[in-house]
Structure formats: structure tokens, C-alpha cells
Amino acid sequence: MPEIPYKTYLSEKEIPTAWFNLRADMPVKPAPLLDPATRKPCTAEQLGHVFCDDLVAQELDDNRKWFDIPGEIVDFYKMYRPSPLIRAYFLEKALGTPAHIYYKFEGNNTSGSHKLNSSIAQAYYAKKQGLKGVTTETGAGQWGTALSMACAHFGLDCRVYMVKCSYEQKPFRREVMRTYGADVTPSPSDTTEVGRRILAEHPGTTGSLGCAISEAVEYAVTHEGYRYVLGSVLNQVLLHQSIIGLEAHTAFKKLGVKPDVIIGCAGGGSNLGGLIAPFMGEKLRGEADYRIVAVEPASCPSFTRGKFAYDFCDTGRICPLAKMYTLGADFIPSANHAGGLRFHGMSSILSQLYHDRMMEAVAVEQTSVFEAAEFFARTEGTLPAPESSHAIRAAIDEALRCKKEGIEENIFFGLTGTGYFDLMAYATYNDRKMSDQLPTDAELNASFEKIPQ
Ligand SMILES: *Cc1c(COP(=O)(O)O)cnc(C)c1O
């Protein structure tokens with residue numbers, strides 16, 4: 001029998017009781033959010049019109065290292081955490097690699113992804129503030145699902161603006177949200193000023209995340225007792241997702257194993273930021289070294305082809321400006337099947353770390369991602385989400401490199417979710433109808449021109 005177990009579970013008592021704020025260890029802090037009108041850093045008061053107060057405090061704090069996790073959130077975490085750290089023995093064997101591959105699986109809850117880790121925290125603080133409800137956008141549907149679960153738990157009203165093409169293509173996601181009590185509106189819609197404007201300018205549009213964000217924010221700021229919540233990109237979301245990395249860090253310690261390469265898919269950066277948090281902390285403090293790799297779709301390549309600049313997070317240009325790797329707020333990626341990775345920007349924390357060469361990034365094409373997904377499903381048994389499969393692709397490529405070089409490395413990746421709601425994407429792949437559509441330089445340049453100076 002192998003000495004490392006197939007699965008390493010921590011006990012409930014070992015669930016972390018504080019989130020780790022990676023910014024505390026960063027020598028160069030991520031740039032602050034700017035007010036779109038004055039172009040000055042947003043104050044807590046300004047942000048408080050849009051976000052819950054406690055979340056604003058977390059958002060703006062670059063120095064405090066640990067944030068206690070309120071007991072009610074820890075209790076909720078106990079329903080589906082700790083998530084297992086898995087040694088991918090079958091995958092290793094099928095690849096014939098000397099590398100040791102590990103993954104942390106976050107798909108063991110009804111939302112099917114890591115997003116519940118942050119939605120439950122955000123709903124908790126909204127409830128604590130005495131709010132009626134929260135608004136949000138959802139693209140592929142995972143965030144909306146996670147938020148509707150969290151709102152049901154705390155008895156909050158949940159209004160979800162769902163990108164129209166997903167609303168139509170993913171009716172099952174929509175029904176999960178409605179089952180948890182959420183109100184789901186296809187975006188752009190005529191329920192907001194910005195939605196009506198976008199519909200007038202682009203009749204027949206199938207929507208975008210940026211546009212749905214604008215609608216959700218507008219609803220929140222124009223309705224008493226509502227705030228807006230966001231499932232990725234923001235510092236507070238990476239903070240909540242540090243639970244993933246902290247659990248993994250403890251599990252690796254128990255095993256006496258040190259990962260050499262840490263890999264995660266990157267949409268807005270929340271799972272990756274959470275996965276790497278304690279490891280990157282050690283790296284920044286000079287206590288240990290790791291290679292850290294972000295994997296993004298070649299059709300939406302924010303890190304590998306984007307610009308590091310202040311840009312809008314939403315098409316409607318009403319949200320604060322964030323300094324990040326961006327493809328431009330008007331960039332609409334081709335209709336690829338990794339819905340959760342289609343955001344034009346990237347977390348400011350990860351953007352700064354990438355800019356400072358503390359991490360690497362690779363872009364992968366979707367047909368090769370689905371080949372990896374199929375291989376993983378057949379060897380490891382779990383049907384992965386298309387987003388997660390970007391990390392699988394990169395992990396397999398690293399394992400094949402180890403095979404070629406004849407070296408034994410420890411490869412660790414985040415398996416963010418399951419693919420049960422993405423079977424249309426799998427159908428496209430299985431029917432051999434999937435293609436790779438990459439933006440041209442001309443398309444990107446046109447989009448870069450609209451980034452504010
Ligand atoms: C949303 C999502 C992602 C991407 O979001 P990040 O904020 O970059 O982590 C990745 N995987 C799954 C399964 C998702 O639902």
C-alpha cells in the first residue's frame with residue numbers, strides 16, 4: 001500500500017478559525033480601488049453605499065494578517081468542509097510520470113464549487129448589518145447558486161442578474177437558484193437604467209458579466225436595505241477563499257510533503273488567491289519557495305495578453321476602477337465553455353504578484369482543456385468543471401515535463417468544482433464540435449484603447 005493516503009481529510013476541529021490576508025505579507029500592496037468620478041482612492045464611506053460595512057473593512061485592510069471567522073460561518077463550513085486533499089495515484093499511473101500529483105476538491109456541495117466559501121461569509125455580514133437582501137450577477141451560474149444557498153441559510157432576499165445567454169442555456173442552474181429562493185433576472189434587462197441603455201444600444205445582445213454587474217450594483221444602490229456582493233476579484237473574496245489554502249497547508253504538513261508547483265485556474269482570481277495564500281505568504285517572507293502558476297483560457301487571456309492598468313470592472317462604468325491585468329471592460333470573449341473564467345480583468349492582489357514576478361501564468365485552449373477533463377474523469381473518477389479543467393491541463397503538462405526530465409516533483413492543483421451543470425459543453429466536445437477561438441491582436445488593441453488613461 002502506498003504510504004500517502006489517497007485522501008487526506010482534516011477533522012472538523014481543524015477547520016481554520018481565521019482567514020489569512022495575503023496582502024499583509026506583500027511588500028508592494030495591491031493598488032487601491034479608485035472612485036470613477038474623482039479618480040481618488042475610494043473611502044470606506046463611499047464603498048459602504050455599495051457593499052456591507054464589515055466587508056468594506058476587510059476590503060480596505062492591507063495590513064491585518066488574520067481575520068477571525070465568525071462562529072456561525074465556521075458552523076456552516078462544517079456542513080461541507082474540510083474538503084479533501086487527494087493524491088491522484090490513478091492519474092499519475094496513467095501518465096507514467098514520476099511526479100506526485102495532489103489536488104484539493106472544492107466541488108462537494110450543491111453549488112458545486114468553491115464559491116460557497118465566500119457567499120456564506122458575505123451573506124453573514126449582510127444579515128449582521130440588518131439588511132433586507134443582496135444583489136449580484138452570475139455568469140455561468142455557480143456564484144448565483146452559491147449566494148442563493150447562503151441567503152436561504154440567513155433568510156435574506158437574493159436578487160441575481162444572470163447573463164442572458166447563460167440564463168437561456170443553463171436552465172438547471174436557474175432552477176437550483178429559484179429552489180433556494182432567489183429571484184433570477186436575465187441581463188441585460190429592463191429593470192434598471194443601465195440595462196435599458198445597453199438594450200437600446202445593442203438590441204439582441206446575449207449579455208456579459210460586466211453588464212450584469214452594472215445592473216446588480218444599480219439595483220442595490222437604488223433600493224433601501226440592499227447591498228451588492230461579488231463572487232470574485234475583490235480582496236475580501238480572496239480573503240474568504242484562503243480557507244482552501246489554509247486547509248491544504250495543514251494537510252501537507254501532516255503528510256510531511258512540500259508541494260513544488262501550485263496550480264490554479266484564474267477567472268477573477270479568487271480560488272487561486274485562496275489556494276496559494278499561505279504558501280505565497282511563506283514565499284514572500286522568504287521561508288519557502290514554490291512555483292505558482294495561474295491558468296487562464298486562451299480566449300480570455302487577462303494575464304498573458306492583457307495590460308496592467310486601472311480599468312473599470314463593469315461595462316456600465318459605474319463601479320470603482322481597479323488596477324489589474326485587463327483586456328478592457330468592453331472585451332467580450334468568444335462563446336467558450338469555461339463560463340467562470342470569462343471576466344475581462346483579474347484580482348488586484350494577483351495582478352500585483354504577477355507583475356512582481358512572484359507567480360507565472362499560462363493560457364490554454366479549450367479543446368486541450370476538455371481532453372484533460374476527459375482524461376481526468378476517466379482516471380480519477382470525478383467529472384471536473386470546465387474551469388477547473390484548465391488547472392488539470394496545466395498539472396498534466398507539468399507531470400509530463402517531469403516524465404521527460406525524469407524528475408519527481410510534487411504538483412498540487414485546485415479542483416474548483418464539478419462539471420454536472422456543464423454537460424452542454426461536454427456534449428459539444430463529445431460531438432467533436434468544439435473549436436478554439438482566440439482574440440486577434442487587432443481586437444485586443446481596439447479594446448485596450450478604451451481603457452481609461
Ligand atoms: C467561478 C469559478 C471559477 C473561477 O473563479 P475564480 O474567482 O477565478 O476562482 C473557477 N472554477 C469554478 C468551478 C468556478 O465556479
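Because the structure is predicted, anything quoted here is derived from the model rather than measured. (Residues numbered from 1 in each chain as written. Predicted model: local features only at pLDDT ≥ 70, side-chain atom pairs only at ≥ 80, totals over all residues. Heavy atoms only, no water.)

The subject of this paragraph is helix α11 (residues 235–255). For α11, with 21 residues, the first-to-last C-alpha span of 30 Å sits near the 30 Å given by 1.5 Å per residue. At Gln241, α11 shows its maximal kink, close to 30 degrees. Among the 21 residues that make up α11, 18 are buried, leaving the element largely enclosed by the rest of the structure. Gly256 sits one or two positions beyond α11 and adopts a positive phi of about 70 degrees. (Helix = DSSP H or I, 4+ residues; strand = E, 2+ residues; numbered from the N terminus. Expected span 1.5 Å × (residues − 1). Bend = angle between axes of the 7 residues up to and from the residue. Buried < 20%, exposed > 50% of the residue type's maximum accessible area, 1.4 Å probe, protein only.)

This paragraph deals with the pattern of salt bridges. One pass over the full model with this rule turns up 27 salt bridges. With its nearest N and O atoms 3.0 Å apart, the salt bridge here joins Glu409 to Arg401. For Arg401, a relative accessible area of 23% translates into the label partly exposed. Here the salt bridges do not stand alone but share partners, grouping Arg291, Glu360, Glu398, Arg401, Glu405 and Glu409 into one network. (Salt bridge = Lys/Arg side-chain N within 4 Å of Asp/Glu carboxyl O.)

With that settled, consider the domain arrangement of the protein chain. Examined at the domain level, the protein chain breaks down into domain 1 (7–14 + 81–112 + 241–448) and domain 2 (18–24 + 31–68 + 115–228). On a C-alpha basis, the centres of domain 1 and domain 2 stand 23 Å from each other. Between domain 1 and domain 2, the residue contacts involve 39 residues of the former and 40 residues of the latter. When domain 1 packs against domain 2, the two sides together hide about 3100 Å² of surface, and 65% of this comes from carbon and sulfur. When the buried area of domain 1 at its contact with domain 2 is split by residue, Ser111, Leu321 and Phe421 rank highest and sum to 19% of it. Where domain 1 touches domain 2, the interface holds 1 salt bridge. We note a salt bridge from Lys170 to Asp422, for which the minimum N-O separation is 3.0 Å. For the pair domain 1 and domain 2, the number of links is 10 residue pairs in polar contact (both at pLDDT 80 or more). Those elements that place two or more of their residues in the side of domain 1 that touches domain 2 are α11, α12 (270–284), β12 (307–312), β13 (321–326) and α14 (348–355). Its residues assigned to classes, the side of domain 1 that touches domain 2 comprises 20 nonpolar, 11 polar and 8 charged. (Domains from an automatic or database assignment. Contact = heavy atoms within 4.5 Å. Buried area = accessible area lost by both parts, 1.4 Å probe. Polar contact = N/O pair within 3.5 Å; in protein donor to acceptor, adjacent residues only side chain to side chain. Nonpolar A, V, L, I, M, F, W, Y, C, P; charged D, E, K, R; others polar.)

What follows concerns the site of the ligand. Near the ligand you find 18 residues, and of these Lys115, Ser232, Gly267, Ser270 and Thr416 are the closest. Here an oxygen atom of the ligand sits 2.7 Å away from a polar atom, N or O, in the side chain of Ser270. Tallied by class, the residues present in the shell around the ligand amount to 4 nonpolar, 12 polar and 2 charged. (Near = heavy atom within 4 Å.)

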